[in-house]
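Below are the chains, spelled out letter by letter.
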Amino acid sequence: KAVMDIYRILNFLDNVRRNNNRQWFQANKDEYLAVRADFENAVGELINNISKFDSTISHITVKDATYRFNRDTRFSEDKSPYKRHFGAYIAAHGKKKLHGGYYVHLEPGNCMLACGSYFLPTNILTSCRNEIIANIDTWLSAVSNKTFTDLFVADGNGDSSGRGFGLERLKTVPKGFSRDYKYIEYLRMKDYCCWHNV
């Protein structure tokens, strides 16, 4: 069983935040490789454990789930070359596909676990909304039970405790749906993502 040295990883990431340049990074590359390997071993174990209750991700490799550490600075005012976090998105079709999954994020002062989907295009959002309507009892049993609400605060966009369900919501009813629908708050969601800071 892999045990990740979270303090070593966060210390390295904090140093990157304070020294985000190629010269410092090259001088500390051995430490980067060590903490990166530690993180990736933990992601591998996470994939194995999630596979026990979600077989759709059992074929996913660590590479399918983890991101490059170098930043793409082409369209950013911030030209610092390195990310300040490690992240992994474990989903059935890999990290770049529009499929619900599980996300782990390590960053000093902002570590979190999340699941679901966000930044969905309109056609997929419409499909999600129709599925909620067609399976409302199953949906309600999942998102209104005490375990879920205690972890993710299902009644808002998050709170100061670092929990949330749904990053954004429409101010009005989505096109093609009835404003009189009893559970319209779930159809107004623009994503189906829940998170909990740890």
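Quick caveat, the model's predicted, so the values are computed rather than measured.

Caption draft 1: Summary view of the pattern of salt bridges. Under the criterion given, the structure shown has 9 salt bridges. When the shortest N-O distance is used, the salt bridge between Asp14 and Arg17 registers 2.9 Å. In this pair, Asp14 and Arg17 are both assigned in helix α1 (residues 6–18), 3 residues apart and thus about one turn of the helix distant. In this structure Asp14 comes out as partly exposed when scored by relative accessible area, which is 21%. Taking the shortest distance from any N to any O, the salt bridge between Asp14 and Arg18 comes out at 3.4 Å. Of this pair, Asp14 and Arg18 both sit in helix α1, separated by 4 residues, roughly a single helical turn.

Caption draft 2: Just the packing of aromatic side chains, in detail. Inspection of every chain in the model, using the stated rule, returns 19 aromatic pairs. Each ring, one from Phe39 and one from Phe86, has its centre 5.2 Å from the other, and the planes form 25 degrees; the classification is stacked. With Phe39 in helix α3 (residues 29–51) and Phe86 in strand β1 (residues 86–91), this pair connects stretches of sequence that are 47 residues apart. No difference in accessibility class separates Phe39 from Phe86, as the two residues are buried. Centre to centre, the rings of Trp139 and Tyr186 are 5.7 Å apart; their planes meet at 80 degrees, and the pair counts as edge-to-face. Here Tyr186 lies in helix α8 (residues 184–187) and Trp139 lies in helix α6 (residues 136–143), a separation of 47 residues in the sequence.

Procedures and definitions
Residues numbered from 1 in each chain as written. Predicted model: local features only at pLDDT ≥ 70, side-chain atom pairs only at ≥ 80, totals over all residues. Heavy atoms only, no water. Salt bridge = Lys/Arg side-chain N within 4 Å of Asp/Glu carboxyl O. Helix = DSSP H or I, 4+ residues; strand = E, 2+ residues; numbered from the N terminus. Buried < 20%, exposed > 50% of the residue type's maximum accessible area, 1.4 Å probe, protein only. Phe/Tyr/Trp six-rings, centres within 6.5 Å; stacked < 30°, edge-to-face > 60°.

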